[in-house]
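# Fold and geometry: a report
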Amino acid sequence: MKTKQIITLAIASFFGTLTFAQEENKVPNPSFETLETKIKTPGQFMEAVMDWETPRDCPPADIYNAEAKKDEVLVPNNAYGGSDTQEGDSYAGIMVYEERGEIANRMFLATKLTKTLIAGKKYCVKFHVSLADLSKYGINNLGVYLSATKVKWILDHVAGARELAAKGDLCFGTIDSW
């Protein structure tokens, strides 16, 4: 058993759907099934999962898979307990809290939607979350951040912003990225 008490969330089908009525899912690889490599160890999310990333300065996320080479990243039972997938053979794991506060940055996953969202249209955002069996603590706030509208507003309304972005000299982030 690990000496640190941590919370690891098993996120099956994270951002499982982002749809409007019966439209197609706008999230690529929603259940993390398209993999670029075999899962062998924790922390392989960035190198293994197509179309997803853990932003820089973010601790590495884990990917768990039914065909993993090691028990610690296997589905359904692994180093943090057991959790079935909602669909397919994979799920992602992120740590969101540590008792001693040693996590310098929050862990999160990011992807680019396959199609642009339409202003004024309502969408359903849904994902499945499971607290790891060996976690001592839980959290009560987990959400989705869709950033394009704020970025577009800045590009359209702040003088010179579009030109700076085109040259790669403009960075965007949330309050947490400062």
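Report follows, based on the coordinates. Source: prediction; values computed, not measured. (Residues numbered from 1 in each chain as written. Predicted model: local features only at pLDDT ≥ 70, side-chain atom pairs only at ≥ 80, totals over all residues. Heavy atoms only, no water.)

Glancing now at the nonpolar core. Judged by nonpolar contacts, the single largest core of 21 residues is most densely connected at Phe 32, Phe 45, Trp 52, Ile 63 and Leu 109. Here this core takes three residues from strand E6 (residues 90-98), the largest share from any one element. With residues near it in sequence (within four places) discarded, Phe 45 still touches Phe 32, Trp 52, Glu 53, Thr 54, Ala 61, Asp 62, Ile 63, Ala 92 and Leu 109. (Core = buried A, V, L, I, M, F, W, Y, C linked by side-chain atoms within 4.5 Å. Buried < 20%, exposed > 50% of the residue type's maximum accessible area, 1.4 Å probe, protein only. Helix = DSSP H or I, 4+ residues; strand = E, 2+ residues; numbered from the N terminus. Contact = heavy atoms within 4.5 Å.)

Moving on: a nonpolar patch on the surface. Side chains of Val 125, Val 144 and Leu 146 sit close together on the surface and give an oily, nonpolar patch of about 200 Å² of accessible area. Its location among the elements puts Leu 146 in the loop between strand E8 (124-131) and helix H2 (148-157). (Patch = residues over 30% accessible without salt bridge, like charges linked within 9 Å, V, L, I, M, F, W, Y side chains within 5 Å. Areas by Shrake-Rupley, 256 points an atom, 1.4 Å probe, with all protein chains shown as cover. Salt bridge = Lys/Arg side-chain N within 4 Å of Asp/Glu carboxyl O.)

Moving on: the pattern of salt bridges. This model, assessed by the stated rule, comprises two salt bridges. Here Arg 162 ties to Asp 156 by a salt bridge, and the two come within 2.5 Å at their closest N and O atoms. Using a relative accessible area of 43% as the deciding quantity, one classes Arg 162 as partly exposed. What makes Asp 156 partly exposed here is its relative accessible area of 39%.

By themselves, these are just geometric observations and shouldn't be taken as functional.
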